[in-house]
Amino acid sequence: MQARITKVSHIEYAHRILNHPGKCKRLHGHSGKVELTLSGQVQEETGMVLDFEVLSTFFKAKVEKFFDHFTLLQEEDHIKKVLEMAGQKIFAFKQPPTAEVISYHILGLFINEIEERFPAGNFSCGVKFWETESSYVEVRS
Ligand SMILES: [Zn+2]
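A brief look at the structure comes next. (Residues numbered from 1 in each chain as written. Predicted model: local features only at pLDDT ≥ 70, side-chain atom pairs only at ≥ 80, totals over all residues.)

### A few points about the overall build of the chain
We apply this condition: Strands here mean DSSP runs of E at least two residues long; helices mean DSSP runs of H or I at least four residues long; both are numbered from the N terminus. Burial in this document is a count-based property: other C-beta atoms within 10 Å of a residue's C-beta are tallied, and the residue is buried at 20 or more, exposed at 12 or fewer, or partly exposed in between, with C-beta positions derived from the backbone. With C-beta atoms placed from the backbone, a contact is any residue pair whose C-beta atoms sit within 7 Å.
Looking only at helices and strands, the chain features three helices and six strands. Walking the chain from its N terminus toward its C terminus, one meets helices and strands in the order β-β-α-β-α-β-α-β-β. Taking all 141 residues of the chain together, 21% fall into the buried category. The long-range fraction of contacts in the chain, counting pairs at least 24 apart against all pairs at least 6 apart in sequence, stands at 54%.

This is the structure we're talking about:
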């Protein structure tokens, strides 16, 4: 018996996209919604693919802790140093901090977490990242 489970969480963040032709080049904020999805076998003993609490704990420890109320920037962005000197929390990516890049980063962390629990590799992870109420990115393993 297979099932797909999803946990929904939220992060507040600021970012800007260097060299963007429009308004996204200016520093601005989002209330992002993150949907973590895990597909796998329902375990005989527990009746679950995985306890929702595991997804919740993962999100708090690996995503919320490094992204929530942070400014997400590209490493080369010159405002990074200024904001750090002002005591702001920064997370810097090699690539522009777009919804796609953020989604793949979260997916990588999520796969690492789940791999330890499903050593046989019979699972699939997904991240659906809502940057606004009308725009989202979806990535899968
Ligand atoms: Zn934005």
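Here the narrative resumes, following the displayed structure.
### Here we look at the nonpolar core
Nonpolar side chains tend toward joint burial in soluble globular proteins. So the rule is basically this: A set of buried residues qualifies as a nonpolar core if it consists of Ala, Val, Leu, Ile, Met, Phe, Trp, Tyr and Cys joined through C-beta atoms within 7 Å.
Within the largest apolar cluster, 21 residues are counted, with the highest numbers of intra-cluster contacts made by Val34, Leu36, Leu38, Ile106 and Phe110. Looking at which element gives the most residues to this core, the answer is helix H1 (residues 52-67), with five residues. Aside from chain neighbours lying at most four places away, what touches isoleucine 106 is Val34, Val63, Val127 and Phe129.

### Let's talk about unusual backbone geometry
Residues other than glycine seldom take positive phi values, yet asparagine 19 does so here, at roughly 65 degrees. If you trace the backbone, asparagine 19 turns up in the loop between strand E1 (2-15) and strand E2 (28-41). Taking the number of C-beta atoms within 10 Å as the measure of exposure, asparagine 19 has 8 and is therefore exposed. For histidine 69, which is not glycine, the phi dihedral falls at a positive 60 degrees. Turning to its location among the elements, histidine 69 is positioned in the loop between H1 and strand E3 (70-74). On the neighbour-count criterion, histidine 69 (12 C-beta atoms within 10 Å) is exposed.

### Structural notes on the pairing of E1
Where a strand is regular, its side chains alternate between the two sheet faces. Threshold: Note on pairing: DSSP must find at least two bridges between two strands before they are called paired.
Judged from the 14 bridges that link them, E1 and E2 form a sheet pairing that is antiparallel. Looking across to E2, one finds that threonine 6 is bridged to threonine 37. Relative to E3, E1 runs parallel, the two being bridged by three bridges. Considered in E3, the bridge of alanine 14 is made with threonine 71.

### Re the sheet that holds E1
Operational definition: Here, axes are lines fitted to C-alpha atoms. For helices the fit covers the stretch in contact, and angles between N-to-C directions go from 0 to 180 degrees.
Taking strand neighbours across the sheet as the criterion, the six strands line up as E4-E3-E1-E2-E5-E6 in an open arrangement whose pairing is mixed. Lying at the two open borders of the sheet, with one neighbouring strand each, are strand E4 (90-93) and strand E6 (135-140). If you compare each strand with its neighbour and ignore which way they point, the axes differ by 30 degrees on average. On the sheet, H1 packs against E1, E2, E3 and E4 and is oriented at approximately 20 degrees with respect to E1. Along the sheet, helix H3 (residues 99-117) makes contact with E2, E3, E4, strand E5 (123-132) and E6, crossing E5 at roughly 150 degrees.

### Regarding the environment of lysine 23
Mapped onto the elements, lysine 23 comes out in the loop between E1 and E2. Since 9 C-beta atoms lie within 10 Å of it, lysine 23 is described here as exposed. In the structure, lysine 23 is positioned 34 residues away from threonine 57 in sequence and 35 Å away in space, judged by C-alpha atoms.

### Quick look at the environment of histidine 10
Note on placement: histidine 10 falls in strand E1. Placed 120 residues apart in sequence, histidine 10 and tryptophan 130 show a C-alpha to C-alpha distance of 9.2 Å. With residues up to four places along the chain from it excluded, the contact list for histidine 10 reads Ser31, Gly32, Lys33 and Val34.

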